[in-house]
Amino acid sequence: MDGRVAVTVGRRATLLQPGFGAHAHAGEGVSPQPVALLPAPDLASVAAQQDSVRPQFAWPAIAGASGYRILISPHADFAALVADLATTAPSVTAPVLEPGRYHLRVSAIDGTGLEGRESDAAFRIEGRPEPPYAIGTVGRQPGPPGPAGTALDPGAGSPPLPL
């Protein structure tokens, strides 16, 4: 947001300058004190081409941040979201995303819950399926004798496949 914002509590107003926010609580007759917003996270390391349909993003930690809010949208104006995530670490693994173009927005959250300035990055996911992954260990499977091993999930209604 650009410009200035006035926060009114009761009959008292506080004018906030750019780069500041405030907490106002219902029932309090005291004007909130302006608080400097945390800076925008540096998303320069976000690759424009992601190799996974479940991309991982990381950024340098922001001093004073107790968490981060992460938004993912197919629209640059974030009119519709495919993910609205929160984390305490300066990294996140996105949910599975369809192939296409997306926009990432990250903001740091201070110890009082006030969101800081936002940073945006665009990225693209190509249509590559994820490889199968181990879901657990199993005992012997029907068939020739052999050691217990790890099974792959071949899909609903099918028995596990031994490795």
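One structure accompanies this document, and this report is about it.

A tally of regular secondary structure across the protein chain gives zero helices and 14 strands. For the protein chain, the sequential pattern of α-helices and β-strands runs β-β-β-β-β-β-β-β-β-β-β-β-β-β. Within the protein chain, buried positions represent 28% of all 163 residues. Contacts in the protein chain between residues far apart in sequence, at least 24 positions, make up 49% of those at least 6 positions apart. Accessible surface computed for the protein chain: about 10,300 Å², of which carbon and sulfur atoms make up 55%.

Okay, the nonpolar core next. Within the largest apolar cluster, 21 residues are counted, with the highest numbers of intra-cluster contacts made by Phe57, Trp59, Ile70, Ile72, Leu104 and Phe123. Counting residues per element, the ones that place at least two in this core are strand S7 (65-73), strand S10 (100-110) and strand S11 (115-125). Sort the elements by how many residues they give to this core and S10 lands first, with four residues. Other than its neighbours up to four places away in sequence, Leu104 contacts Leu43, Val46, Phe57, Ile70, Leu71, Ile72, Phe78, Ser119, Asp120, Ala121 and Phe123.

A few words on the sheet that holds S10. Taking strand neighbours across the sheet as the criterion, the five strands line up as S5-S11-S10-S7-S8 in an open arrangement whose pairing is mixed. Both outer strands of the open sheet, strand S5 (49-50) and strand S8 (83-87), are each paired with one neighbouring strand and no more.

Another point: the pairing of strand S2 (residues 12-16). For strand S1 (residues 5-9) and S2, the ladder comprises five bridges, and the chain directions are antiparallel. When the sheet's bridge partners are listed, Val9 is paired in S2 with Arg12. Where S1 folds back on S2, the antiparallel hairpin that results is connected by two residues, among which Gly10 adopts a positive phi of roughly 65°.

In this section: the side chain of Gln50. Topologically, Gln50 is positioned in strand S5. Assessed through its relative accessible area of 9%, Gln50 is described here as buried. At a separation of 2.8 Å, a polar atom in the side chain of Gln50 contacts the main-chain carbonyl oxygen of Ala47. Not counting chain neighbours up to four residues away, the residues in contact with Gln50 comprise Pro55, Gln56, Phe57, Phe123, Arg124, Ile125 and Glu126.

Note on placement: Thr93 falls in strand S9 (residues 91-93). On the basis of relative accessible area, Thr93 is assigned to the partly exposed category, the value being 33%. A sequence separation of 38 residues divides Thr93 from Pro55, and the C-alpha atoms of the two residues are 5.9 Å apart. Setting aside residues up to four positions removed in sequence, Thr93 forms contacts with Arg54, Pro55, Gln56 and Leu85.

With the rule as written, the count across this model stands at five salt bridges. For Glu118, the salt bridge goes to Arg105, with nearest N and O atoms at 3.6 Å. Of this pair, Glu118 sits in strand S11 while Arg105 is found in strand S10, placing the two residues 13 residues apart along the sequence. With a shortest N-O distance of 2.8 Å, Arg105 and Asp120 are connected by a salt bridge.

This part takes up the side chain of Ser73. In this structure, Ser73 sits in strand S7. Polar side-chain contacts of Ser73 include one of 2.9 Å to the backbone nitrogen of His75. Within the structure, the side chain of Ser73 is placed 2.4 Å from the backbone oxygen of Ala80, a separation counted as a polar contact. In contact with Ser73, not counting residues within four places along its chain, are Phe78, Ala79, Ala80, Leu81, Val82, Tyr102 and His103.

This paragraph deals with unusual backbone geometry. When glycine is set aside, most residues are seen to have a negative phi, and most peptide bonds are trans. Even without being glycine, Phe78 reaches a positive phi, approximately 55°. The residue Phe78 is located in the loop between S7 and S8 in this model.

Rules behind the numbers
Residues numbered from 1 in each chain as written. Predicted model: local features only at pLDDT ≥ 70, side-chain atom pairs only at ≥ 80, totals over all residues. Heavy atoms only, no water. Helix = DSSP H or I, 4+ residues; strand = E, 2+ residues; numbered from the N terminus. Buried < 20%, exposed > 50% of the residue type's maximum accessible area, 1.4 Å probe, protein only. Contact = heavy atoms within 4.5 Å. Areas by Shrake-Rupley, 256 points an atom, 1.4 Å probe, with all protein chains shown as cover. Core = buried A, V, L, I, M, F, W, Y, C linked by side-chain atoms within 4.5 Å. Pairing = 2+ DSSP bridges. Polar contact = N/O pair within 3.5 Å; in protein donor to acceptor, adjacent residues only side chain to side chain. Salt bridge = Lys/Arg side-chain N within 4 Å of Asp/Glu carboxyl O.

Purely spatial values, then, with no claim about function.
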